[in-house]
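Commentary on secondary and tertiary structure
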Amino acid sequence: MVRVWLNGQALDTGTRRRHAQDFLPLALRDAVPALTAELDGLARICSEHTGNDGSRLLVELADGQMVESVLLPRDGLCVSTQIGCAVGCRFCMTGKSGLIRQVSSMEILAQVVLARRQRAVKKVVFMGMGEPAHNLDNVLEAIDLLGTEGNIGHKNLVFSTVGDRRVFEALPQQRVKPALALSLHTTKAELRERLLPRAPKIAPEELVELGEEYARGIGYPIQYQWTLLKGINDGDDELDAVISLLKGKYGVLNVIPFNSLEGDDYQRPALERIREIVRYLHRRGVLAKVRNSAGQDVDAGCGQLRARAVGAARVVELRRTRTAQ
């Protein structure tokens, strides 16, 4: 039944040749309505915001909290793993709320189920709200079920992280070994600590080496994430440093122009500068791709939909309530 649910189907779905009542035990058939109600109660789509690059879903969980999922091109889905986030990235709307609570493994899976009821999902990336490394057990359980019962290829499950040594210890031991995306953003340790104030203190060089070791073991390339911030990490000095760091490595650098709607403190570089950066990296042997944050044209950068739905005051109130507890 887990497999049926994860594929977005009704629990009493039969096959082309056999109806469910012909092979499901009576006790199980009797339990289907209650079990269906329990699973459906995990999450529901509160609103959908369709943009040029896919649809962003605002998903309400059973306790009224909300997370965001994104239907990506080519049958991809981005899911959230936390409500809020403790890393506090200066350029991220989600980070401004702090961590409210963890998302359970079933709530993560429910986001996949809701998406599959709308269209095919063949790839799941854990890049939505939250830091997956801070909810490691629940995320790994969800990955295991998606890679075994959910009919998703292991390399199409992408674990995104700012870098946590526990991740590099845990992932090689898993039955399902996902692909890895590392949020790098800069080659400068001091700047990284300023941009990602509560991320684990790992120098960019060590982070790349840990990622490369894992990549060699699983045979999938690493995705390196670099959010481009005008005047912060888009200079020639950074480009030369990232070339030294990544040239010859088994990976691709995703250059992500900052979604300027997320705040006034940072801006994205001009379009021509972005193109110039990618050309410069390519000419010097670093595979780089521009990956715009999903939902920019509908004001739905990561955490924006939830912030508007909940209200900034409520976000702060929830954070303070949790801190007091």
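Residues numbered from 1 in each chain as written. Predicted model: local features only at pLDDT ≥ 70, side-chain atom pairs only at ≥ 80, totals over all residues. Heavy atoms only, no water.

1. A word on empty space enclosed by the protein
Tallied over the entire structure, the rule returns one cavity of 30 Å³ or more. Reported here for the largest cavity is a volume of approximately 30 Å³. As for the largest cavity, its lining consists of Trp226, Leu228, Leu239, Val242, Leu253, Val255, Ile277 and Leu281. Elements represented by at least two residues in the lining of the largest cavity include exactly strand 10 (222-228), helix 8 (236-246), strand 11 (251-257) and helix 9 (271-283). (1 Å grid on protein atoms, 1.4 Å probe; cavity = no way out; pocket = protein on both sides within 12 Å on 5 of 7 lines; lining within 4 Å. Points joined across faces, edges and corners; volume = space filled by probe spheres on them. Helix = DSSP H or I, 4+ residues; strand = E, 2+ residues; numbered from the N terminus.)

2. Describing helix 3 (residues 105-116)
Look at helix 3: 17 Å from first C-alpha to last across 12 residues, which is about the 16 Å you get at 1.5 Å a residue. A large share of helix 3 lies buried, amounting to 11 of its 12 residues. All of the buried residues in helix 3 are Ser105, Glu107, Ile108, Leu109, Ala110, Gln111, Val112, Val113, Leu114, Ala115 and Arg116. (Expected span 1.5 Å × (residues − 1). Buried < 20%, exposed > 50% of the residue type's maximum accessible area, 1.4 Å probe, protein only.)

3. Description of unusual backbone geometry
Its identity as a non-glycine residue notwithstanding, Arg74 has a phi of 60 degrees, on the positive side. Within the secondary structure, Arg74 is located in the loop between strand 3 (66-72) and strand 4 (76-78). Overall, the relative accessible area of 78% leaves Arg74 in the exposed class.

4. Quick word on the state of the cysteines
Scanning the model with the defined rule gives zero disulfides in all. Here Cys89 stays free of any disulfide, with the sulfur of Cys92 as its closest cysteine sulfur at 5.9 Å. Look at Cys89 and you get buried, because its relative accessible area is 13%. (Disulfide = S-S within 2.5 Å.)

5. Considering the nonpolar core
The biggest cluster of nonpolar side chains holds 78 residues, and the ones touching the most others in it are Trp5, Val124, Phe126, Leu146, Leu180, Leu253 and Leu281. No other element matches the seven residues that helix 3 contributes to this core. Those residues in contact with Trp5, other than ones at most four positions away along the chain, are Leu11, Leu39, Leu42, Met106, Leu109, Ala110, Val113 and Arg117. Val87, Cys92, Val162 and Leu196 belong to the second-largest nonpolar core, a separate cluster that totals 13 residues. (Core = buried A, V, L, I, M, F, W, Y, C linked by side-chain atoms within 4.5 Å. Contact = heavy atoms within 4.5 Å.)

6. Focus on the confidence of the model for the protein chain
Of all residues in the protein chain, 85% have pLDDT values of 70 or greater, and the mean over the chain is 87. Across residues 312-325 the pLDDT falls below 50, and counting only partners more than four positions away or on other chains, this stretch makes 16 contacts in the model. (pLDDT = per-residue confidence, 0-100.)

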